[in-house]
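Coordinate inspection notes
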Amino acid sequence: MDKLLEILEDLKPGVDFALEDDLIEDGILSSLEIMTLVVELCTEFGIEISPLDIVPENFKSAQAIYALITRIRDED
Amino acid sequence: MKNILEYLEASAKYYPEKAAFTDENTEITYREAVNKAMAIGSSLASLGKRNAPVAVLMDNCADSLVAYFGVVYSGNFYVVIDAKMPSDRINVIFETLRPIAVLTDRRHEEKALGLSFEGRLFFYEDSSSGPIDYPGMDAIRRRSIDTDPLYALFTSGSTGVPKGAVICHRSVIAYAEWIQETFGIDENTQFGNQTPFYFSMSVLDIFSTIKAGCTLHILPKKFFSFPVKLLQYMNEKHVDTIYWVPSALSIISNLKALDYVPLPELKRVLFAGEVMPTKQLNYWISKLPGVLFANLYGPTEITDICTYYIVDRKFADDEALPIGRACSNCDVIVIKDDGTEAAPGEEGELCVRGSFLALGYYNNPEKTSQAFVQNPLNPNYPELVYKTGDLVRYNDRGELIYITRKDFQIKRMGYRIELGEIETAVGSVDRIKACACIFDDENDRIVLVYQGEIEEAAVRDVIKAKLPEYMHPNRLVQVKSMPLNPNGKIDRKHLKSSYHTL
């Protein structure tokens, strides 16, 4: 989780990612930033994210993103 | 036919209860669209002005389209202002534009109040629900002619001062005629709109919709980062026609999203605004057999498009698509530096003549007279052509081939280099998701910025195999994602100024 928060803060400084619970609807992450994030998650966590998992629900908060990473790792 | 409102009114007569425009939260029928637009027109008409600019500051939503038509009902022309644009830049536009009014909604009240302009402020919520002055609307229409301005769109000038291309009713009428007959748009068409309304490409979506009496669905911008969601949304709305920038199409193809969600109802895929990477197009074609694909070309100053090419044969990943031939009721000529017409195969600047031409740049006679000039091939009577600043030539098949922007063509060690050629070569590589070549003239350096999981050495190998040495970029910069401008195109200006920090 700490590693994820670090990545998020690097991507968009000045946002309290531990607290934000709607990164998408509130427009905190732009479409470009989400694409960048997907690439970073893949490299940093050594996972592959299927387009089917790139949906707003999985990216709405740091917790949701973390849950996604955990799930993909467990499936491997 | 002299006013585009005739399209809207005819569609409202035939299909009053049909959805004209939808977005994620709203659906507006043709009947509602006309009634609300007339109410807005009546409220703006109280200013007693004619053919004057009204700035519309709203998000890209179904209501904003009604707002534009409202301005047209008042006998004035609309200017779409991107609500996300920094206030300073809007104020720069307003210095040139001097709008007689700003039409906004409650959501943007604070932003609108912070802008500097002398005109009045109108709110969509109030104006669209106010009374309709039918005799007043009739009187305005009786005086209107087809060369009255319809809208102005501001594009960034190379000097940094935005220029507002003013387009009249006749241009859009001529343009919409061409679209309808070429692509068979009818009352059943369902447009999936990607391009924002402050961008000229949206003119195709908006006006062919009201002309045919069909439906325009504004695709939520946030879904462009969630391709699967986007495709599902398109299927839900039964979208069968899209006209997107290549960068948006590439988002889908890079993730191979069509492998997961097919688009069985899609019939037409049109694109323009930047060069379409052939590799990305080939993915789309492989997933959508039988669908019409067309490469459209043109700048804001000629309404939207002046030439087009319907894909009718296979292209290798490293082959560039032609921009084809001139649209119906539009003519293009290729002019060499000496002012004479280029022979087939010879390179020259593409110039456009005909009804699609803008009236000029608003309140900017100097820039207007530089770009809109007397047809160099016609000394006999006044006839303007628009100089696109793009270099083209005809291929053996009689199709126009886009070479590059006149200002992108660089000279190095005596060689003339087209940056676009480097991009086509590199873009054909499998693992390259996007690339852009820029010329840093201060340091005399060609810089290739690319996205994709591939090491620099491997990219260099490809370059060596495909391009002569004088075309090899001096620097390669790998990015996680390409910066895009608000229109969704690769932001070359940003790349040029900050590639060394990426």
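Structure: see above.
Predicted, not measured: the structure shown is a model, and the values here were computed from it. (Residues numbered from 1 in each chain as written. Chains lettered and ligands numbered in written order. Predicted model: local features only at pLDDT ≥ 70, side-chain atom pairs only at ≥ 80, totals over all residues.)

Relative placement of two packed helices is described by the angle separating their axes and the distance separating the axes. All names here are of chain B. For the pair helix H11 (residues 246–254) and helix H12 (residues 278–287), interaxial distance at closest approach is 9 Å and the crossing angle is 60 degrees. In terms of orientation, H11 lies oblique with respect to H12. Seen from above, H11 lies across H12 with left-handed handedness. Across the interface between the two elements, Pro246, Leu249, Ser250 and Ser253 of H11 pack against Gln280, Tyr283 and Trp284 of H12. Class assignment of the residues belonging to the contact of H11 with H12 gives a composition of four nonpolar, three polar and no charged. (Axes fitted to C-alpha atoms, helices over the stretch in contact; angles between N-to-C directions. Helix = DSSP H or I, 4+ residues; strand = E, 2+ residues; numbered from the N terminus. Parallel < 35°, antiparallel > 145°, perpendicular 65-115°, else oblique. Left-handed = near helix turned anticlockwise from the far one by under 90°. Contact = placed C-beta atoms within 7 Å. Nonpolar A, V, L, I, M, F, W, Y, C, P; charged D, E, K, R; others polar.)

With that out of the way, let us pick up the pairing of strand S11 (residues 241–244) of chain B. All names here are of chain B. Burial along S11 is two-sided: Thr241 and Tyr243 and Ile242 and Trp244, pointing in opposite directions, are all buried. Looking at chain direction, strand S9 (residues 190–193) and S11 are connected through two bridges and run parallel. If you follow Gly192 over to S11, its bridge partner there is Ile242. As paired strands, S11 and strand S12 (residues 268–271) are joined by four bridges and run parallel to one another. The partner of Ile242 across the bridge, within S12, is Val269. (Buried ≥ 20, exposed ≤ 12 C-beta atoms within 10 Å, placed from the backbone. Pairing = 2+ DSSP bridges.)

Residue and element names in this part refer to chain B. Where helix H1 (residues 5–14) contacts helix H2 (residues 30–45), the axes come no closer than 8 Å and their chain directions differ by 135 degrees. The orientation of H1 with respect to H2, classified from their angle, is oblique. As for the relative orientation of H1 and H2, their crossing is left-handed in sense. Where H1 approaches H2, its residues Leu8, Glu9, Ser11 and Ala12 are matched on the opposing element by Tyr30, Arg31, Ala33 and Val34. Class assignment for the residues of the contact of H1 with H2 results in five nonpolar, one polar and two charged.

In this assembly, 15 residues from chain B lie in contact with 13 residues from chain A. The class makeup of the residues in the side of chain B that touches chain A is eight nonpolar, two polar and five charged.

Residue and element names in this part refer to chain B. If you look at the biggest cluster of nonpolar residues, it comprises 147 residues, and the most contacted ones within it are Ala33, Val56 and Val352. The element contributing the most residues to this core is helix H3 (residues 62–73), with nine residues. When residues of this core are sorted by domain, at least three fall in each of domain 1 (27–144) and domain 2 (167–405). Ile422, Val429, Ala436 and Phe439 belong to the second largest nonpolar core, which has 22 residues in total. (Core = buried A, V, L, I, M, F, W, Y, C linked by C-beta atoms within 7 Å. Domains from an automatic or database assignment.)

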